[in-house]
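# Secondary and tertiary structure notes
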Amino acid sequence: TASRMEIPILLAVWLCMRTSEILGLTWDCVDFKRGTVTVKKALVRGKNNEWIEKTTKTTSSTRTISAPDYILEKLRAAKEQAATDYVVNIKGNGLYKRLKVILRRNNLPDIRFHDLRHTSASVMLMLNIPDMYAQRRGGWSTNHTMKAVYQHLMDTKRSAVDTVIDEYFYGLVSAVGETPQNM
């Protein structure tokens, strides 16, 4: 289960792709020479519960993402074994169910597959990636949705920010002769 899930998890958390984009990704969208993944279609459930291929959610969702060598190597190996044009050949609630098994087996918090995209957005926030770049990578048409829905504070970054603020103010009070001990 873990090996079949490695690529979809990496695409969600590292490249900030939606579940439907991962399911709709075909090998012609992976450019090994340029080192990119182009998101231009999605695989979604139709009215009669059948799988249909459609365009991305918004025009901003159609995008080309630079893929690191780590992911490209995983994709190369998967392509050699590929039985279909789709990069990820797991349908239905398969991604969700398989992720649940991995989480349970490893005593990890229970999350949805889509939450990996939230993690990606939050990591970009933690790394101080400018909004325009994060928005482009994730395919959001506005930064409002990215900020209001997807980006969450991380405790480690929050602690580091608190330290920076404290050091700044300690510097100010020490400049006037005050120390925390005699305040």
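Computed from a predicted structure; not experimentally measured.

For aspartate 115, the location among the structural elements is in helix α5 (residues 115–126). Along the backbone, aspartate 115 and alanine 12 are 103 residues apart, and their C-alpha atoms lie at a distance of 8.7 Å. In terms of polar contacts, aspartate 115 uses its side chain to reach the side chain of arginine 112, at 2.5 Å.

All right, on to the pairing of strand β4 (residues 51–54) then. Sheet topology places strand β3 (residues 42–45) next to β4; four bridges connect them, and they run antiparallel. Considered in β4, the bridge of valine 44 is made with isoleucine 52. Joining the antiparallel neighbours β3 and β4 is a turn of five residues, in which asparagine 49 adopts a positive phi near 70°.

One open sheet holds the three strands; their spatial order is β1-β2-β5, and the pairing between them is antiparallel. Strands with a single pairing partner mark the edges of an open sheet, and in this sheet they are β1 (30–31) and β5 (63–66). Here strand β2 (residues 36–39) runs beside β5; their pairing, made up of four bridges, is antiparallel. Paired with threonine 38 across the two strands is threonine 64, which belongs to β5.

Roughly 370 Å³ of volume is contained in the largest pocket. Lining of the largest pocket is provided by 18 residues; of these, Arg4, Ile7, Ala78, Gln81 and Val87 occupy positions nearest its centre. For the lining of the largest pocket, the secondary-structure elements that each account for two or more residues are α1 (2–13) and α3 (69–81). Broken down by element, the residue count for the lining of the largest pocket peaks at five residues, all from α1. Of the residues belonging to the lining of the largest pocket, the class tally is 11 nonpolar, four polar and three charged.

By the burial criterion, the buried members of helix α6 (residues 131–138) are Ala134, Gln135 and Gly138. Looking straight down α6, one finds its buried side chains confined to an arc of 100°; they lie on one side. α6 presents Met132, Tyr133 and Arg136 as exposed residues on the side facing more than 90 degrees away from its buried surface. Glycine 139 sits one or two residues past α6 and shows a positive phi near 75°.

This next bit is on the nonpolar core. Met17 and Leu75 are the most contacted members of the largest nonpolar core, which has 31 residues in total. For this core, the secondary-structure elements that each account for two or more residues are α1, α2 (19–24), β2, α3 and α4 (94–105). Top element by residues in this core is α1. It accounts for five residues. With near-sequence residues (within four places) excluded, methionine 17 lies in contact with Leu11, Ala12, Ile22, Leu25, Val37, Val39, Arg63, Ile65 and Arg117. One finds Cys16, Ala121, Met124 and Ala134 within the second-largest nonpolar core, a separate group that totals five residues.

Definitions and cut-offs
Residues numbered from 1 in each chain as written. Predicted model: local features only at pLDDT ≥ 70, side-chain atom pairs only at ≥ 80, totals over all residues. Heavy atoms only, no water. Helix = DSSP H or I, 4+ residues; strand = E, 2+ residues; numbered from the N terminus. Polar contact = N/O pair within 3.5 Å; in protein donor to acceptor, adjacent residues only side chain to side chain. Pairing = 2+ DSSP bridges. 1 Å grid on protein atoms, 1.4 Å probe; cavity = no way out; pocket = protein on both sides within 12 Å on 5 of 7 lines; lining within 4 Å. Points joined across faces, edges and corners; volume = space filled by probe spheres on them. Nonpolar A, V, L, I, M, F, W, Y, C, P; charged D, E, K, R; others polar. Buried < 20%, exposed > 50% of the residue type's maximum accessible area, 1.4 Å probe, protein only. Arc of directions from axis to C-beta. Core = buried A, V, L, I, M, F, W, Y, C linked by side-chain atoms within 4.5 Å. Contact = heavy atoms within 4.5 Å.

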